[in-house]
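# Examination of the molecular architecture
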Amino acid sequence: MASTDTAAPVQTPPGAAPVEPSPVRQPHPAIALLKDAAMWAAVTFILTFPIVGFKTVARGGRYVFDNNVDVVLGLTAFVFLGRILLNLTIWRKPKTATARAASGTVLDTGWAAKARRLLVPVMLVVAVTYPFLAVWASGGLVTGRYWVDLGVLVMTYVLLGWGLNIVVGLAGLLDLGYVAFYAVGAYTFALLTMNFGLSFWMCLPIAGIIAALFGVVLGFPVLRLRGDYLAIVTLAFGEIIRLVLINWREFTGGASGINQIPRPSFFGLEFIPSGPTSFAEFFGIAFSPVHRLIFFYYVILALALVVLVVTIRLRRLPIGRAWEALREDEIACRSLGISVVNTKLTAFALGAMFGGFAGTVFAARQGYISPTDFTFIQSAFIVAIVVLGGLGSNLGIVLSSLVLIGGIEMLRNLGFVKAIFGSGFDPVQYRMLIFGIVMVIIMVWKPRGLISSRAPTVFLKEKKRVGADMISEGHG
Amino acid sequence: MARQETILRVEHLSMKFGGLVAVDDLSFEAKKGDITAIIGPNGAGKTTVFNCITGFYKPTEGRIALVHGDDSILTRIDNVTATGKQWVRTRQGALFLLERLQDFKVSELARVARTFQNIRLFGGMTLLENLLIAQHNKLMRASGYTFGGLLGLGGYGKAERAAIDKARYWLDKTGLLDRADDAAASLPYGAQRRLEIARAMCSDPVLLCLDEPAAGLNAREGEELNELLLSIRKEHDVSILLIEHDMGVVMQISDRIVVLDYGRKIADGSPAAVRSDPKVIAAYLGVEEEETDEVAKELSA
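Residues numbered from 1 in each chain as written. Chains lettered and ligands numbered in written order. Predicted model: local features only at pLDDT ≥ 70, side-chain atom pairs only at ≥ 80, totals over all residues.

### Thoughts on the overall build of chain A
Scanning chain A from terminus to terminus reveals 18 helices and six strands. Going through the 476 residues of chain A one by one, you find that 39% of them count as buried. Counting only contacts in chain A whose residues sit at least 6 apart along the sequence, the fraction spanning at least 24 positions is 73%. (Helix = DSSP H or I, 4+ residues; strand = E, 2+ residues; numbered from the N terminus. Buried ≥ 20, exposed ≤ 12 C-beta atoms within 10 Å, placed from the backbone. Contact = placed C-beta atoms within 7 Å.)

Next up, the structure:
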C-alpha cells in the first residue's frame, strides 16, 4: 500500500492539481477552545440540573426538596475544565480520513504492543501477590479484609467474563441469560453438599458439567435464532431458571434460598479458631476469618488461570477457529463442512461450564445463596464487562472488570471529590450515575471495547493484529 | 479419448418457493475432469441450482447424485434411492445423494466445495486462518476432537503444520502469499475472489462449484482466473462447475455449457454448439419465441 502523508491537512483528489483552499476565517484557537468547552458545560448544566439539582431532606418529620445547585455547578465546572484539558491533550491529533483508515490495520509494534507485553506479566504478579499486598498496604488482616473481599469479587467477574467471552466474544452468540449458569453452578454445589455431603472439590467438576448440560439445553432451541431474537430467548431462559429457583420450594428452598452451606477446607484443614483440623493451629498462626477469604481468592485465581489457559489453547485449536469463523460468517462455515450445531453447542456448553465454576465458588464463599443473587442485572453486568473489554479479548475483560466492578466499589472511597463538588456531594449516591457515564464514555471513545483488535491464532511471517473495523460482531 | 466418467448427475430437479418455480425439471450431467458452465440470463435459477447441489436448499423434487471414483456405481442409483440411504461406498467408489445430505455433510462427506456470488470470507481473520478453517474436519480428527489437542497429545502439531503447508501452497498459487498474515477483509476485491477459491480448494474437493468467480474482475484478473481454473483442473484432479456471466471466461475454458432460462434447460453442449443455438441467442437478446427462427437465419446468413 502506498504510504500517504497523514499529516496533510487537505485531501486532494488523485490526479488533480493541488488547489489552494479558499480562505475561511478561522477564529482564534483559544476562543474556539473556550467556546467548545462552554457549549459542553451548558449541555451538562441543562442535563444535570433536573437530575442532580434537587435533593430530599428530612425536615420536621417530613421530606422536603432542597436545592443542590452547588453540585450541579461543580459538575459543570468539571466538564468545562475537562473538555479544555482533553482538547489540549488527547484530541489534538487531526482526524483525517487517512488517519482513521490507517488505524484499521494494526501492526503489533510500537508502544502499544510493548505495553501489552509488559502489562500481562505485571498483572499476573499483582494478581498472585494481591492478598498479601492488600493486607500489607492496608496495615493488617482486619483492615485488609475489605480489599481481599473486593479482589474475590473482581476475580469472580473476570471468571464469568471469560466464560461468557467464549459465547459472545468468540462465537458471536449474544447471551443475555448467562447468570442462569452461574445460578446452576451455585445451586448444584449447595444442594450436593447439603444433601449428600460432597466436598467442594468433588462438587466443582460436577457443578461445571451440570452447568454445561444446561448450556446444551439452552443451546438446542436457539440454534436457528440470531441476533436480537437469540438475545431475547436467552434472557427468558435466565428468568425461567430464576423463577424455578423461587417456586420449587421443596428442592431449592424457594425465595429464602439455602443457607449454612459448609465451607471448603484447605487440604482437610478448616478455617476454624481451634481444634486438631484448624488451619490457624496447624500453621501456628493467630486465627483470623480473613484466612478463609485469602484461600478463596487463590481458589478463584487458580480456576481463572485454568480457564484462561484452556481458552487460549482452544482458540488455537480447530474448535476455537470454528467459533470465530461462526461469528464471521455462518453460511461460509456450512459450506466448508463445519457443523454449526456442534460448534454452537460446544460454545454454549463451555461458556456455561465456566459460569458454573464461578457459581460454585460464589456459593462456597457466601455460605448462603438465594434467587436474588441471580437476577437479570447480573447478566447485564457480565455482558457489559465483555462488551466494554472488547469482544474476544481476555485482557480487555480483566481491564473492564477492574473498571466496572473495582471502580464502582472505589467510588465509596472518594471522599476527596467533596472538595471539588462541594460538601453536599456524596459520591456513593451517584455510583450508578457515574457507572452509566463511564460506560457511555468508554463506548464513545472506543466503540468496540477497550481492546478491540484481534490477535491472529496462527501466522506465517509476522503477527499482525486485526483492526476492529474488519471484525464482525456476529449476528447471533 | 476414452469415455468420460460422470461425476455429477442431476435428474428432474425442481425447486419451488411458494408459487414461484425457480428451477423446473432440470436434468444434466457433469463429467469428471471437465469444466461445466451453467449460464443464463438474470433470474434463470442458476444460483438456486447451486444451492440445491451444495445442500443449502432441499429441492422440491429431483435427485442429485455425486460419484467418487468409478462411475459404474451409478447403476445402483435406483437401488440406493429406494433404500432411503444418503450414500453408499463400495470398493470402486462412492455414491452420494446430495439432496438427502445436510449442507455441511455435502462438503465433509461428498467433498463438494463452493464459493459465493457475494464473497463470503471470514473477514476479521487472516488469510492463513481462513484456509485452516477450510481444513476443519481433518484438523478436528487430528486434535482428537479437541481433547487431545487441549492436552497436547496426539499428532495435532504435525497435522497443523501439514495444514499450514497446504495453505501456503494455495496462497502461493493464488498469488496471495505476501498477504498471508493480513485480515481477509483488507484484501482488494479480486484478491478476495481468489482467496475464496483457495479456501474452497483447501477442503480437498472432488467437485468445485464456483458462483460467478469473474464478477467484478478486470480483464487481466479475468485472464489470471482462467489460468488458475485450468491449472486446478489439470493438476488437482478436480471437476469444476461454474456459474458465469462473463462470456469471455465461459467460452474460453468450459468443456460443456448448460443454459438455463426461467428455470428450464434450453441448451446443453459444447461452447461452439451453445453459442450458435438460436434458443440461447433468443434468451440472451430477449426476442419473442416466434422471432427465434428469424434471428437464427440472420445469424447464419
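### Quick look at the nonpolar core
A general trend in soluble globular proteins is that nonpolar side chains are found buried together. Counting 190 residues, the largest nonpolar core has A:Leu159, A:Ala183, A:Ile300, B:Leu66 and B:Leu131 as its most contacted members. No other element matches helix α5 (residues 141-170) of chain A, which puts 14 residues into this core. Counting residues domain by domain, this core receives three or more from each of domain 1 (1-111 + 205-271) and domain 2 (122-204) of chain B. (Core = buried A, V, L, I, M, F, W, Y, C linked by C-beta atoms within 7 Å. Domains from an automatic or database assignment.)

### Topic: the sheet that holds strand β8 (residues 207-211) of chain B
All names here are of chain B. Sheet architecture is open: six strands sit in the order β7-β8-β9-β3-β10-β11, paired in mixed fashion. Both outer strands of the open sheet, β7 (112-114) and β11 (264-269), are each paired with one neighbouring strand and no more. Taken over all neighbouring pairs, the strand axes of this sheet differ in orientation by 15° on average, direction set aside. Direction of pairing for β8 relative to strand β9 (residues 239-243): parallel, over a ladder of five bridges. Across the sheet, residue leucine 207 finds its bridge partner in β9, namely serine 239. (Pairing = 2+ DSSP bridges. Axes fitted to C-alpha atoms, helices over the stretch in contact; angles between N-to-C directions.)

### A short note on the domain arrangement of chain B
Residues and elements named next belong to chain B. Here chain B is partitioned into domain 1 (1-111 + 205-271) and domain 2 (122-204). The straight-line distance from the C-alpha centre of domain 1 to that of domain 2 is 25 Å. Taken residue by residue, the interface counts twelve residues in domain 1 and ten residues in domain 2. Residue assignment for the side of domain 1 that touches domain 2 shows that the elements contributing at least two residues are α3 (103-108), β8 and α9 (219-236). Per-element tally for the side of domain 1 that touches domain 2: the top contributor is α9, with three residues. Its residues assigned to classes, the side of domain 1 that touches domain 2 comprises seven nonpolar, two polar and three charged. (Nonpolar A, V, L, I, M, F, W, Y, C, P; charged D, E, K, R; others polar.)

### Describing the interface of chain B and chain A
In this assembly, 34 residues from chain B lie in contact with 36 residues from chain A. Breaking the side of chain B that touches chain A down by element, the ones donating at least two residues are α3, α4 (127-133), α5 (136-142), α6 (147-151) and α7 (156-173) of chain B. Here the residues of the side of chain B that touches chain A are counted per class, giving 14 nonpolar, twelve polar and eight charged.

### Looking at the confidence of the model for chain A
All names here are of chain A. Overall, the predicted model of chain A reaches an average pLDDT of 82, with 86% of residues at or above 70. Low confidence marks residues 1-18, where pLDDT is under 50. Its contacts with residues over four positions away, or in another chain, come to eleven contacts. In this model residues 99-108 is a low-confidence stretch, pLDDT under 50, and it forms 19 contacts with partners more than four residues away in sequence or in other chains. (pLDDT = per-residue confidence, 0-100.)

### Regarding the sheet that holds strand β6 (residues 93-97) of chain B
Residues and elements named next belong to chain B. Spatially, five strands are ordered β2-β1-β4-β6-β5 in an open sheet, and the strand pairing comes out antiparallel. Strands at the two margins of the open sheet, each flanked by one partner only, are β2 (20-31) and β5 (87-89). The mean angle between the axes of side-by-side strands here comes to 10°, regardless of whether they run parallel or antiparallel. Note: β5 against β6, three bridges, orientation antiparallel.

### Here's the deal with helix α14 (residues 340-366) of chain A
Residue and element names in this part refer to chain A. For α14, built from 27 residues, the straight-helix expectation of 39 Å at 1.5 Å per residue is met to within 8% by its first-to-last C-alpha distance of 39 Å. Judged by how many residues are buried, α14 sits mostly within the fold: 22 of 27 residues are covered. Directly after α14, the chain includes glycine 367, whose backbone phi takes a positive value near 75°. (Expected span 1.5 Å × (residues − 1).)

### Quick notes on unusual backbone geometry
Residues and elements named next belong to chain B. Unusually for a residue other than glycine, histidine 12 sits at a positive phi of about 50°. Of note, histidine 12 is situated in strand β1 (residues 6-17). The phi angle at aspartate 237 is positive, at roughly 55°, despite the residue not being glycine. Residue placement: aspartate 237 occurs in the loop between α9 and β9. By the C-beta count within 10 Å, which is 10 here, aspartate 237 ends up exposed.

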